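Understanding the architecture of this molecule
So you can see what is in the structure, the chains are spelled out below.
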Amino acid sequence: MKRRQVLVSKELAPKIRSSPHSEGTIAILYRAAAGYDLNPFQSKESFNSDYHDLLFNDWGIHHLHLSKDKKNPNDFFNSRTGSLLFVKFTDSIAYFIDVKHHKDPNVWSDRDMLRIIQRNWECSIADRQSRSAVGWSEEISDKELGELRKRGYTTGVEVDGKFYMLLGHGQASTNDNIMAGRMADQVIRWIGLNEDLFRQNRQQFVKDLMDRLSM
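Notes on the structure follow. (Residues numbered from 1 in each chain as written. Predicted model: local features only at pLDDT ≥ 70, side-chain atom pairs only at ≥ 80, totals over all residues. Heavy atoms only, no water.)

1. A few points about the nonpolar core
One finds Trp59, Ile61, Leu114 and Val157 to be the most contacted residues of the largest nonpolar core, which totals 20 residues. Of all the elements in the fold, those that place two or more residues in this core are helix H3 (54-59), strand E3 (83-89), strand E4 (93-101), helix H4 (112-121) and strand E6 (157-159). Sorting elements by how many residues they give to this core places H4 first, with five residues. Listed in part, the 13 residues of the second largest apolar core include Ala32, Phe41, Leu66 and Leu85. (Core = buried A, V, L, I, M, F, W, Y, C linked by side-chain atoms within 4.5 Å. Buried < 20%, exposed > 50% of the residue type's maximum accessible area, 1.4 Å probe, protein only. Helix = DSSP H or I, 4+ residues; strand = E, 2+ residues; numbered from the N terminus.)

Pasting the structure below:
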């Protein structure tokens, strides 16, 4: 459980009460503040290691479905919704950005989400701002940003005259999350260094590994 300060953008706030999914949205806000599990609101592909969340990799923004109910009582994930809640997490803060429909044009590379972050909490991305516009000789559209992501490119992005790099974890040319790759490498190295423990005390090995993975 990880309690976080919950911040709601001025663009999102008026939409919450008028939304047909207001109960689900409020439940997510409460669970984020209380430190409860939000995984049931995520994509059903979240635990699939072959799934690449390109929006999260590039800009560090999660998308959550807005239903607090389940299609079947034994389901882990909540029912899917066309509208999605976009949020950026740090260790201590949850920045709730906006609600958009997953079929909106270019929703997964919609620069307006960064614009909302810039207007509401510019200090949260100030360390990612580039003082040089080198490499942005031509403006890249939201659609083009999405196409570049799909092809495995990580690019900077211009938002109202300011330029940002590496807002998320970045991605490899395979579309894999770079941070996840580094963590996997660290686990593999740790296993290699603890082969003797594995042979002598497998139970302690598993416990230490789970502690390392914070599981």
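Next comes the rest of the description.
2. Thoughts on the environment of Gly156
Inspection of the secondary structure puts Gly156 in the loop between helix H5 (142-150) and E6. Here the alpha-carbon distance between Gly156 and Leu167, two residues eleven residues apart in the chain, equals 8.6 Å.

3. Thoughts on the sheet that holds strand E7 (residues 162-164)
If you walk across this open sheet you meet the three strands as E5-E7-E6, and the pairing is antiparallel. This sheet does not close on itself; its edge strands, each paired only once, are strand E5 (129-130) and E6. Here E6 runs beside E7; their pairing, made up of three bridges, is antiparallel. Looking across to E7, one finds that Glu158 is bridged to Phe163. (Pairing = 2+ DSSP bridges.)

4. Here's the deal with the pattern of salt bridges
In a structure, side chains of opposite charge can pair up when their charged atoms sit close to one another. If you walk through the whole model with that rule in mind, you get 15 salt bridges. As a salt-bridge pair, Arg149 and Asp58 come within 2.7 Å of each other at their nearest N and O atoms. Here Arg149, found in helix H5, pairs with Asp58, found in helix H3; they are 91 residues apart in sequence, far enough to count as distant. You'll find Arg149 and Asp58 in the same group, each marked buried. With a closest N to O distance of 3.7 Å, Asp98 and Lys100 form a salt bridge. In this structure, Asp98 and Lys100 share a single accessibility class: buried. Each of Lys15, Asp98, Lys100, Asp110, Asp112, Arg115 and Asp160 takes part in a single network of salt bridges with overlapping partners. (Salt bridge = Lys/Arg side-chain N within 4 Å of Asp/Glu carboxyl O.)

5. Remarks on unusual backbone geometry
A positive phi angle is found at Asn106, which is not glycine, with a value near 60 degrees. When you line up the elements, Asn106 lands in the loop between E4 and H4. A positive phi angle, near 50 degrees, is found at Asp160, a position not held by glycine. Among the secondary structure elements, Asp160 is positioned in the loop between E6 and E7.

6. Thoughts on the environment of Gly24
Here Gly24 is to be found in helix H2 (residues 22-34). Separated by 45 residues in the primary sequence, Gly24 and Asp69 place their C-alpha atoms 8.3 Å from one another.

Taken by themselves, the reported measurements are silent on function.
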